[in-house]
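Architecture at a glance
Here's the letter readout for the chains.
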Amino acid sequence: MKLLLSNDDGIYAEGLEALYRRLSGTWSTLVVAPYQECSAISHAITLERPIRSHKISLNNGDKAYAVSGTPADCIKLAIVELLEEPPDLMISGINPGANTGVHINYSGTLAAAREAVFYGIPAIAVSIMGKNPGYYDQAAQFVENLAKKVMAHGLPEGTFLNVNIPDLSMERIRGVRISNQNLALPCEKMEKRFDPREQPYYWHGVAAQAPGGDLDSDVAVIAKDYISITPIMSDMTDYQSIQTLKLWNIDIR
């Protein structure tokens, strides 16, 4: 099996290294990742400047590609230019910090997985709780087992998996739950400050999202020390509303 790995934290990120270390011993694995951190960049692509890729050596001496663009750029470049044939599976992560609820719309980690799905490649986006996780290796072991499940069963066309793992040993994790996306808005704030010229500027801050009343959501599941797996569709069409809108008799006049 041929794997493509990427992330939004940069090619030297600890989570990506843990995934590569775990998976490359079994499968043919290529890393194509941003040269620097691209967190919260969502599905941006580079249009107004060139995208550069450089071969680098990972810690074990294996080759990888560091890309000047975004996570989505990395997947496009890998599939269109760098690989002789498409990979069997694309895995993005392991991202430090959960990608749950509305935050999945901003995540570069998920954008890389979604971009792979656009090309018909099964994909998994993986995150682990906390800013400085201590259990990357055990999370990578779980991802390896999940990857085998994906390859054995397949995924629906246009769907990828969003996986969030508690930063705990596997002995302390309570199990796995298939969850939905929590759509409650987190508590956000804009902290206003002033520069030396007395001009205002702002820092965007956001608190951790509370589970709320949706006990089957990704936010609630991971808060209870379960691994959350949410199937995400790349097709954003609201098919139920198509017939409703047709009844409006919308015309050019």
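Here, the structure is the one placed above.
No experiment lies behind these values; they were computed from the predicted model shown.

**Describing the overall build of the chain**
For the chain, the count of helices and strands is 6 helices and 11 strands. For 253 residues, the compact-globule formula gives about 18 Å, and the C-alpha radius of gyration of the chain, at 19 Å, lands near that figure. In the chain, buried positions account for 44% of the 253 residues. Partitioning the intrachain contacts of the chain with sequence separation of at least 6 by distance along the chain shows that 75% fall at a separation of at least 24. A total of about 14,300 Å² of accessible surface is found on the chain, and carbon and sulfur atoms cover 52% of it. Distance between charge centres in the chain, computed from 22 positive and 29 negative side chains, equals 2 Å.

**Observations regarding the environment of L58**
Relative to the helices and strands, L58 is located in the loop between β3 (53–57) and β4 (63–67). Of the residues examined, L58 reaches a relative accessible area of 14% and is grouped as buried. Separated by 194 residues in the primary sequence, L58 and I252 place their C-alpha atoms 58 Å from one another. Apart from residues lying up to four places away in sequence, L58 is in contact with Y20, V31 and A64.

**Observations regarding the nonpolar core**
V31, I91, V163 and I165 are the most contacted members of the largest nonpolar core, which has 36 residues in total. In terms of residue count, helix α4 (residues 136–153) provides more of this core than any other element does, 8 residues in total. If we ignore the near neighbours within four places in the chain, the residues touching I91 are L4, L5, S6, L19, L23, I124, V126, V143 and A147. One finds L4, A78, A113 and I232 within the second-largest nonpolar core, a separate group that totals 21 residues.

**Structural notes on the pattern of salt bridges**
For side chains of opposite charge, pairing can occur when their charged atoms come near one another. If you walk through the whole model with that rule in mind, you get 7 salt bridges. One salt bridge connects D88 with K2, and the closest N-O pair in it is separated by 3.5 Å. Here the residue D88 occupies a position in the loop between α2 (71–82) and β5 (89–96), and K2 occupies one in strand β1 (residues 2–6), the gap between them amounting to 86 residues. Taken together, the salt bridges that share partners define one network made up of K2, E85 and D88.

**Brief notes about the packing of helix α1 (residues 14–23) against α4**
Look at α1 against α4: their axes get within 9 Å of each other, and the N-to-C directions meet at 50°. Considered as vectors, α1 and α4 are oriented oblique to each other. Between α1 and α4 lies a crossing whose hand is right-handed. Contacts between α1 and α4 involve E14, G15, A18, L19, R21, R22 and L23 from the former and Y136, D137, A140, Q141, V143 and E144 from the latter. Its residues assigned to classes, the contact of α1 with α4 comprises 6 nonpolar, 2 polar and 5 charged.

**Re the sheet that holds β4**
Across the sheet, which stays open at both edges, the 9 strands sit in the order β3-β4-β2-β1-β5-β6-β7-β11-β8 with mixed pairing between neighbours. Edge positions in the open sheet fall to β3 and β8 (176–178), since each of these has one partner strand only. Within this sheet the neighbouring strands show an average axis-to-axis angle of 25°, counted without direction. Judged from the 5 bridges that link them, β5 and strand β6 (residues 123–128) form a sheet pairing that is parallel. Opposite M90, over in β6, you have A123 as the bridge partner.

**Quick look at unusual backbone geometry**
Most peptide bonds take the trans form, and the phi angle of most residues other than glycine is negative. Residue G93 is joined to I94 through a cis peptide bond whose omega torsion reads -5°. With respect to the helices and strands, I94 occurs in strand β5. At A40, a residue that is not glycine, the phi angle is positive and equals roughly 60°. Summarising the element assignment, A40 is placed in the loop between β2 (28–34) and β3.

**A look at the environment of A13**
Its location among the elements puts A13 in the loop between β1 and α1. With 86 residues separating them along the chain, A13 and N99 place their C-alpha atoms 17 Å apart.

Each value, and the rule that gives it
- Residues numbered from 1 in each chain as written.
- Predicted model: local features only at pLDDT ≥ 70, side-chain atom pairs only at ≥ 80, totals over all residues.
- Heavy atoms only, no water.
- Helix = DSSP H or I, 4+ residues; strand = E, 2+ residues; numbered from the N terminus.
- Rg over C-alpha atoms; globule rule 2.2 N^0.38 Å.
- Buried < 20%, exposed > 50% of the residue type's maximum accessible area, 1.4 Å probe, protein only.
- Contact = heavy atoms within 4.5 Å.
- Areas by Shrake-Rupley, 256 points an atom, 1.4 Å probe, with all protein chains shown as cover.
- Lys, Arg positive; Asp, Glu negative; His and termini not counted.
- Charge placed at Lys NZ, Arg CZ, Asp CG, Glu CD.
- Core = buried A, V, L, I, M, F, W, Y, C linked by side-chain atoms within 4.5 Å.
- Salt bridge = Lys/Arg side-chain N within 4 Å of Asp/Glu carboxyl O.
- Axes fitted to C-alpha atoms, helices over the stretch in contact; angles between N-to-C directions.
- Parallel < 35°, antiparallel > 145°, perpendicular 65-115°, else oblique.
- Left-handed = near helix turned anticlockwise from the far one by under 90°.
- Nonpolar A, V, L, I, M, F, W, Y, C, P; charged D, E, K, R; others polar.
- Pairing = 2+ DSSP bridges.

None of this, on its own, says anything about what the molecule does.
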